[in-house]
Amino acid sequence: MSFFANKQNLVSDILRRYPTDRKRSAVMPLLREVQNAEGYVSDERIAEIAGIIESTATEVMSVMSFYSTYSSIPTGKYHLQVCMTLSCALAGSDQLWDYLQDKLEISQGEVTSDGLFSLQRVECLGSCGTAPLMQISDAGYAECLTKKRTDALLEELKRRGDGSIPANDTPTPVFVKHIDGRVVQVTSDGQIAGGNA
Ligand code: FES
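One numbering rule holds for all chains: residues counted from 1, following each sequence as written. Since the coordinates come from a predicted model, pLDDT governs what is reported: local features require at least 70, and pairs of side-chain atoms require 80 or more to be given and counted, while whole-chain, interface and lining totals use all residues.

With the exception of glycine, the majority of residues adopt a negative phi angle, and the majority of peptide bonds are in the trans configuration. Residue Pro132 follows Ala131 across a cis peptide bond; omega there is -5°. In this structure, Pro132 sits in the loop between β2 (117-122) and β3 (134-136). The phi torsion at Glu54 lies on the positive side, around 55°, for a residue other than glycine. As for its placement among the helices and strands, Glu54 is situated in the loop between α3 (43-52) and α4 (57-66). For the exposure call, what matters is how many other C-beta atoms sit within 10 Å of a residue's own: 20 or more marks it buried, 12 or fewer exposed, and in between partly exposed, using C-beta atoms placed from the backbone. According to the C-beta neighbour criterion, Glu54 is exposed, with 9 such atoms within 10 Å. Its identity as a non-glycine residue notwithstanding, Cys144 has a phi of 50°, on the positive side. Only runs of H or I of at least four residues qualify as helices and only runs of E of at least two qualify as strands under DSSP, and these elements are numbered from the N terminus.

Below, the structure is given as structure tokens:
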């Protein structure tokens, strides 16, 4: 079934933002509409978007695969995207990733049986100073994650269950300290950042 067939006003509005000979520029807002509505962009939707912008499915996929904000497989209500790049890795993102996998009993690209959570490893989210962190769908970041903070966050997300997230409570600044011969980041409320605590 077509996604855009009964959304011609929306399609026209999006296409109007670009020169008539540059319809391909509309690829990202069209992808965004599908991603928001269905939680991922299927091959069928990719083909539909390619038709609208007079391009090819391969071109649409090449744009889509560049951005972690679009998913080609189904995601949970809360799509947890864990940054695995250097600053987050040094602050314990590997341990955080393992902890999330164990706790949610899913791995990369999988969705929990209740449809609430999915997991994805992503590259730098641009907030290296509050590592380790994850992006929750497109709703916001959860930063300076410890096991304790992760537990509390997951409980709160389960309680909500509607895709909304709590206000960012990032306890900044994050301090660097030597503890037991290790250099660690400690949040202002005294917790060691990363999956070690
Ligand atoms: S390395 Fe994780 S936000 Fe930059």
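This part takes up the domain arrangement of the protein chain. Those domain boundaries reflect an automatic or database domain assignment. What the domain assignment lists for the protein chain is domain 1 (8-66) and domain 2 (78-186). The gap between the C-alpha centroids of domain 1 and domain 2 is 30 Å.

Turning next to the packing of helix α2 (residues 27-38) against α3. A fitted line through C-alpha atoms serves as each axis, taken over the contacting stretch for helices, and the angle formed by two N-to-C directions is quoted from 0 to 180°. At their nearest, the axes of α2 and α3 sit 10 Å apart, and the two run at 145° to each other. Judged by the sense of rotation from one axis to the other, the crossing of α2 with α3 is right-handed. Two secondary-structure elements touch here, α2 through Val27, Leu30, Leu31 and Val34 and α3 through Arg45, Ile49 and Ile52. Throughout this entry, Asp, Glu, Lys and Arg are counted as charged residues, while Ala, Val, Leu, Ile, Met, Phe, Trp, Tyr, Cys and Pro are counted as nonpolar. The remaining residues, Gly among them, count as polar. Of the residues belonging to the contact of α2 with α3, the class tally is six nonpolar, no polar and one charged. Crossing handedness is defined as follows: a turn of the near helix away from the far one that is anticlockwise and smaller than a right angle gives a left-handed crossing, while the clockwise case is right-handed. Contact between two residues is assigned when their C-beta atoms, built from the backbone, lie within 7 Å.

Across a sheet, paired strands are connected by hydrogen bonds in the backbone, their directions being either parallel or antiparallel. A strand pair is defined by DSSP finding two or more bridges across the two strands. In spatial order, the strands read β2-β1-β3-β4; together these four strands make up an open sheet with mixed pairing. Among the strands making up the open sheet, the edge pair consists of β2 and β4 (140-142). Within this sheet the neighbouring strands show an average axis-to-axis angle of 30°, counted without direction. Taken together, the three bridges between strand β1 (residues 78-83) and β3 define a ladder with antiparallel strand orientation.

What follows covers the packing of α3 against α4. Relative orientation of the contacting elements α3 and α4 amounts to 110°, with a least axis distance of 8 Å. The pairing of α3 with α4 is recorded here as roughly perpendicular in orientation. As α3 packs across α4, the resulting crossing turns out to be right-handed. Residues Ile46, Ala47, Ile49 and Ala50 of α3 form the contact with α4, whose participating residues are Ala57, Glu59, Val60 and Met61. Across the contact of α3 with α4, the residue classes break down as seven nonpolar, no polar and one charged. If an angle is under 35 degrees, it is roughly parallel; if it is over 145, roughly antiparallel; if it lies from 65 to 115, roughly perpendicular; otherwise it is oblique.

To continue, consider the pairing of strand β6 (residues 182-186). Here five bridges tie strand β5 (residues 175-179) to β6, and the two strands are oriented antiparallel to one another. Residue pairing across strands places Val176 opposite Gln185, the latter belonging to β6. Counting the residues that bridge the hairpin from β5 to β6 gives two residues, and of these Asp180 lies at a positive phi of roughly 50°.

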